[in-house]
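Each chain is listed here by its residues.
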Amino acid sequence: MSILQLINANLSKLTPSERKVADYIITNRNDVVYGTMNTIKSATNVGDATIIRFSQKIGFSGFTDLKIALAKENYSSDLDDNKANFYDDLAETLIGSIKTTNQIINDASVQKAVQLMSKTKRIFIFGIGHSGEIAKVFAKNLLRVGLIASDETDPHFAAQVASIINHDDLIIAISLSGRTIDIIRTLEIAKKAGVPIIGITNNLSSEVATSSDVVLQTSVSEFLNGGSLSGQLSQLYICEVLTKGYEIQNKINVLELREKALRAIIDRRVDR
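Residues numbered from 1 in each chain as written. Predicted model: local features only at pLDDT ≥ 70, side-chain atom pairs only at ≥ 80, totals over all residues. Heavy atoms only, no water.

Some points on the environment of serine 175
Part 1 of the argument: Along the polypeptide, serine 175 turns up in the loop between strand E3 (169-174) and helix H11 (181-192).
Part 2 of the argument: The exposure class of serine 175 is buried, given its relative accessible area of 1%.
Part 3 of the argument: A sequence separation of 44 residues divides serine 175 from serine 131, and the C-alpha atoms of the two residues are 5.9 Å apart.
Part 4 of the argument: With residues near it in sequence (within four places) discarded, serine 175 still touches Ser131, Thr180, Ile200, Thr201, Asn202, Val208 and Gln235. (Helix = DSSP H or I, 4+ residues; strand = E, 2+ residues; numbered from the N terminus. Buried < 20%, exposed > 50% of the residue type's maximum accessible area, 1.4 Å probe, protein only. Contact = heavy atoms within 4.5 Å.)

Quick notes on unusual backbone geometry
Part 1 of the argument: The residue asparagine 45 is not glycine, and still its phi comes out positive at about 60°.
Part 2 of the argument: Of note, asparagine 45 is situated in the loop between helix H4 (37-44) and helix H5 (48-57).

Quick look at the nonpolar core
Part 1 of the argument: Counting 28 residues, the largest nonpolar core has Ile125, Ile172, Ile174 and Ile198 as the members making the most contacts within it.
Part 2 of the argument: Elements that contribute at least two residues to this core include exactly helix H8 (107-119), strand E1 (122-127), helix H9 (130-142), E3, strand E4 (197-201), strand E5 (214-217) and helix H13 (229-249).
Part 3 of the argument: In contact with isoleucine 125, not counting residues within four places along its chain, are Ala135, Phe138, Ala139, Leu142, Ala149, Ser150, Asp151, Glu152, Ile172 and Ile174.
Part 4 of the argument: Grouped together as the second largest cluster of nonpolar side chains are 21 residues, Val21, Ile25, Ile51 and Phe63 included. (Core = buried A, V, L, I, M, F, W, Y, C linked by side-chain atoms within 4.5 Å.)

Focus: the packing of helix H7 (residues 86-103) against H13
Part 1 of the argument: Interaxial distance between H7 and H13 falls to 9 Å at its minimum, and their mutual angle equals 40°. Classified by the angle between their axes, H7 and H13 sit oblique to one another. Here H7 and H13 pass one another in a crossing that is right-handed. On the side of H7, the interface is formed by Thr93, Leu94, Ser97, Ile98, Thr101 and Asn102, while H13 contributes Leu229, Ser230, Leu233, Ser234, Tyr237 and Ile238.
Part 2 of the argument: For the contact of H7 with H13, the residue count by class is six nonpolar, six polar and no charged. (Axes fitted to C-alpha atoms, helices over the stretch in contact; angles between N-to-C directions. Parallel < 35°, antiparallel > 145°, perpendicular 65-115°, else oblique. Left-handed = near helix turned anticlockwise from the far one by under 90°. Nonpolar A, V, L, I, M, F, W, Y, C, P; charged D, E, K, R; others polar.)

Okay, here's the thing in structure tokens:
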């Protein structure tokens, strides 16, 4: 049975408060999937216990299982495995992730982030899992404009780094959900030392976003579809915007840097 069918089948068992939860879930499916219980609480003025009881009354062990079921329904409704032109759909999805990220870019936030990058002594890029892979790529891309950055993708090393850097340094924290506990705890350490933080995340109300001095928003949410290529492209686009912004603001002679890099690579070739 679908979530809507489960709700309708158990409607007579629900209290007035639980019906408020049901009404909200029916009309705000995506907000429920990508939000938290606080999302529902704020909209319906009910407590945690009410949301949990509602979830159990319609057949789930708790709110997390309800969220997963909703996400699976949403994901399944978007699939059509019989399409012959599935590659066209994939291309549209990936192109769309960049376009929608571009549409929500805040120019003032980009300028502030670039200013922080321009005056820092050292840059540390934090990311875990797939976001950690983006951190590695970003660190390498910054070399194109003459910036040396350290990518810290191990939570233990990241915490150590956060404990010894200071306000002259800069952290760039990458997390689609903005709720990765290892990143959050690391940022808490860094905030105590007054380290400026740039957050790259989809969720502007997340702990990563609220811990950051400036936030750049990606356009792709993750839950059941965590680690998707579209999400990574959205993150990479933001990273490329920052790299280009730094280049323009600081009038970097990129051609000269690329020539130096090319010569260094050629010198290491056997057949040069």
